[in-house]
Amino acid sequence: MLQTHRICIRFSMIALGVIAAGALLGIPSALAQTHWSIEGTMPSYGESNSPPPLCPLVPPPYLINFPPIPPAGCPVNLPFAPLVGLGGSAVDNDGNVLSGGPATPAFVHSDGFTLEMTSYAGLYIVSGPVPLGYVFPGPISGLGYDSAGDIVWVTDGTMAAGLSMLVPVCPVPAVVVPPFPILSPAGAPQWGLDWDPCTGTLWACDLAGNVSQYAIGGALLFTFNVVPFFPPLLTGLAVNATNGNIQVTDGIMVGEFLPVGVPAPAGPFYLSANPYPIPPWAAPVDGLGFSLRPQNYGTNCNPFGGAGPTIGWGGGYPFAGNGGFTISETGATPGASAILVYGFGYACPGLPVGGCPGGMLWIAPPLRLLGVGLVPGSGTITLPAPIPPPAARPCGFPVGIPLFLQFVNILPGGGGLELTDALSFTIGAI
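These numbers come from a predicted model, not from an experiment. (Residues numbered from 1 in each chain as written. Predicted model: local features only at pLDDT ≥ 70, side-chain atom pairs only at ≥ 80, totals over all residues. Heavy atoms only, no water.)

With that settled, the discussion passes to the overall build of the protein chain. Broken down by element type, the protein chain carries 1 helix and 30 strands. Taking 22 Å as the expected radius of gyration for a compact globule of 430 residues, we find that the protein chain reaches 22 Å, a close match to that expectation. Dimensions along the principal axes, computed over C-alpha positions, put the protein chain at roughly 70 × 50 × 40 Å. By the burial criterion, 57% of the 430 residues in the protein chain qualify as buried. Looking at the protein chain alone, contacts between residues at least 24 apart form 64% of all its contacts between residues at least 6 apart. Accessible surface computed for the protein chain: about 15200 Å², of which carbon and sulfur atoms make up 70%. (Helix = DSSP H or I, 4+ residues; strand = E, 2+ residues; numbered from the N terminus. Rg over C-alpha atoms; globule rule 2.2 N^0.38 Å. Buried < 20%, exposed > 50% of the residue type's maximum accessible area, 1.4 Å probe, protein only. Contact = heavy atoms within 4.5 Å. Areas by Shrake-Rupley, 256 points an atom, 1.4 Å probe, with all protein chains shown as cover.)

So, in structure tokens, the structure goes:
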């Protein structure tokens, strides 16, 4: 156990040291991990992203959760017609006291009249009604989440306010930032909203295709229009917490823009096209919430035709300051010598590897190798990989640094190699 612990600490120090070197060399950041939206006719919540070309994902980048059954007397998001500008989605990337803290992210959705927080698997955490006239005259048309402050930012299309849901029952959410105007430059309703952790501002999008940045209090700081690159009927917005880019949706497609209003170039991992389609759903979606969840990609390999080992992660999402983050391998052959391969770019398609028929390395050279010892009888190795806080708050190094990782195991007795699939994430801000 002591030796394993030493290996784990060594991994953390070496990996983060290499991250620092990569940052100094100007390694480009990977982009979005995933996003969440709400679809009102089912009703349901969905997670998706843009699949990388020539690089299979495990599992597919698509998840649907249905509203859970709340405790007696607590509200739930009800079915509602699509494209009416109601509700939205947001992500608490570092969790909160109700969800269980940094290791358990939370997801907030609204149908316009209710805020509901669930776990990743769709389990109920808390919900509360937002009656007409309590915060705004109209229903909620967009929302975002300040993970560090645990504030749910909401808009009715012309005003914004900050609410708190950190009460373990289901009362009306408390108003912690009173309403202030966020008027669209075109006078159109705002149908999307999110908090920018790097600037401490809000971004909103409207039905005329305008994307606007506001100071808390309502001062308009910057605006740009997505037309003709993207349709003007915008129904959701999210801030990419790894690089500050702005993502918008019309309910069918997602587009990503640099904060200056220029479309982000396609090509990086999980931005294989810009814009890219949301997987087919029951109806166009409302809202957009940005998630830092790591993504598995590629395939694993076992020379004997078995299931093969898999790579995983734990301890919450990879945000700067998450001291509990871990990298793991499961299903490995006991007694094999495990090597962690990691780097700053992906290889899609993979690079063929001898010693395992069909085996592929899914990481682009130059490769870094770290021996982590023999696989125990459980077939599982877990390596603590604490992520340091940002050097310059809130979005300095290591925010924006990408990592791609894969285990290669040397089987005992000259039995060849076995390989896991690969893991990708970019360190984000909260």
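What follows is about unusual backbone geometry. Cis rather than trans, the peptide bond between C348 and P349 has omega equal to 5 degrees. Position of P349 among the secondary structure elements: in strand β25 (residues 346–352). A cis amide bond, omega 10 degrees, links F397 with the succeeding residue P398. Not every positive phi belongs to a glycine, and D150 is a case in point at roughly 50 degrees. Of note, D150 is situated in the loop between β8 (142–146) and β9 (151–155). By relative accessible area, D150 is classed as buried at 16%.

Next up on the list: a nonpolar patch on the surface. Nonpolar side chains collect at one region of the surface, where L221, F222, L258, V260 and V262 lie side by side and expose about 400 Å² of accessible area between them. Mapping V260 onto the fold places it in the loop between β18 (253–257) and β19 (276–277). (Patch = residues over 30% accessible without salt bridge, like charges linked within 9 Å, V, L, I, M, F, W, Y side chains within 5 Å. Salt bridge = Lys/Arg side-chain N within 4 Å of Asp/Glu carboxyl O.)

Before going further, it helps to examine the packing of aromatic side chains. Applying the stated rule across the entire model yields 13 aromatic pairs. Each ring, one from W313 and one from Y317, has its centre 5.7 Å from the other, and the planes form 55 degrees; the classification is tilted. On the basis of relative accessible area, Y317 is assigned to the buried category, the value being 2%. With 5.1 Å between their ring centres and 70 degrees between their planes, F325 and F425 make a pair best called edge-to-face. In this pair, F325 is assigned in the loop between β22 (310–314) and β23 (326–330) and F425 in strand β30 (residues 417–426), connecting sequence segments 100 residues apart. Take F325: its relative accessible area is 1%, and that puts it in the buried class. Given the relative accessible area of 3%, F425 is considered buried. Taken together, the aromatic side chains of W203, F222, F224, F229 and F257 make up a single cluster linked through ring pairs. (Phe/Tyr/Trp six-rings, centres within 6.5 Å; stacked < 30°, edge-to-face > 60°.)

Here we come to the state of the cysteines. Structurally, a disulfide amounts to a covalent bond that connects the sulfur atoms of two cysteines. Using the criterion set out here, one finds 3 disulfides in the structure. Disulfide pairing places C301 opposite C356 at an S-S distance of 1.8 Å. Disulfide C301-C356: the torsion about the S-S bond is -105 degrees, which places it as left-handed. Of this pair, C301 sits in the loop between β21 (295–297) and β22 while C356 sits in the loop between β25 and β26 (360–363), and the two are 55 residues apart along the sequence. (Disulfide = S-S within 2.5 Å.)

All right, on to the nonpolar core then. In terms of nonpolar packing, the biggest core is built from 27 residues, with I327, L340, V372, L405, F407 and F425 touching the most fellow members. Elements with a contribution of two residues or more to this core: β24 (337–343), β27 (368–374), β28 (381–384), β29 (402–410) and β30. In terms of nonpolar packing, the next biggest core, distinct from the first, is built from 21 residues, F107, L288, Y317 and F319 among them. (Core = buried A, V, L, I, M, F, W, Y, C linked by side-chain atoms within 4.5 Å.)

What follows is about the pattern of salt bridges. A complete count under the given rule lists 1 salt bridge for this structure. Ionic pairing is found between R293 and E47, a salt bridge with its closest N-O pair at 2.9 Å. Taken together, the positions of R293 in the loop between β20 (286–291) and β21 and E47 in strand β2 (residues 44–48) put the pair 246 residues apart, joining distant regions of the chain. The exposure class of R293 is buried, given its relative accessible area of 14%.

What follows concerns the confidence of the model for the protein chain. Averaged over every residue, the pLDDT of the protein chain is 90; residues scoring 70 or more account for 91%. Across residues 1–11 the pLDDT falls below 50, and counting only partners more than four positions away or on other chains, this stretch makes 15 contacts in the model. This model gives residues 13–30 a pLDDT under 50, and the stretch forms 32 contacts once residues within four places in sequence are excluded. (pLDDT = per-residue confidence, 0-100.)

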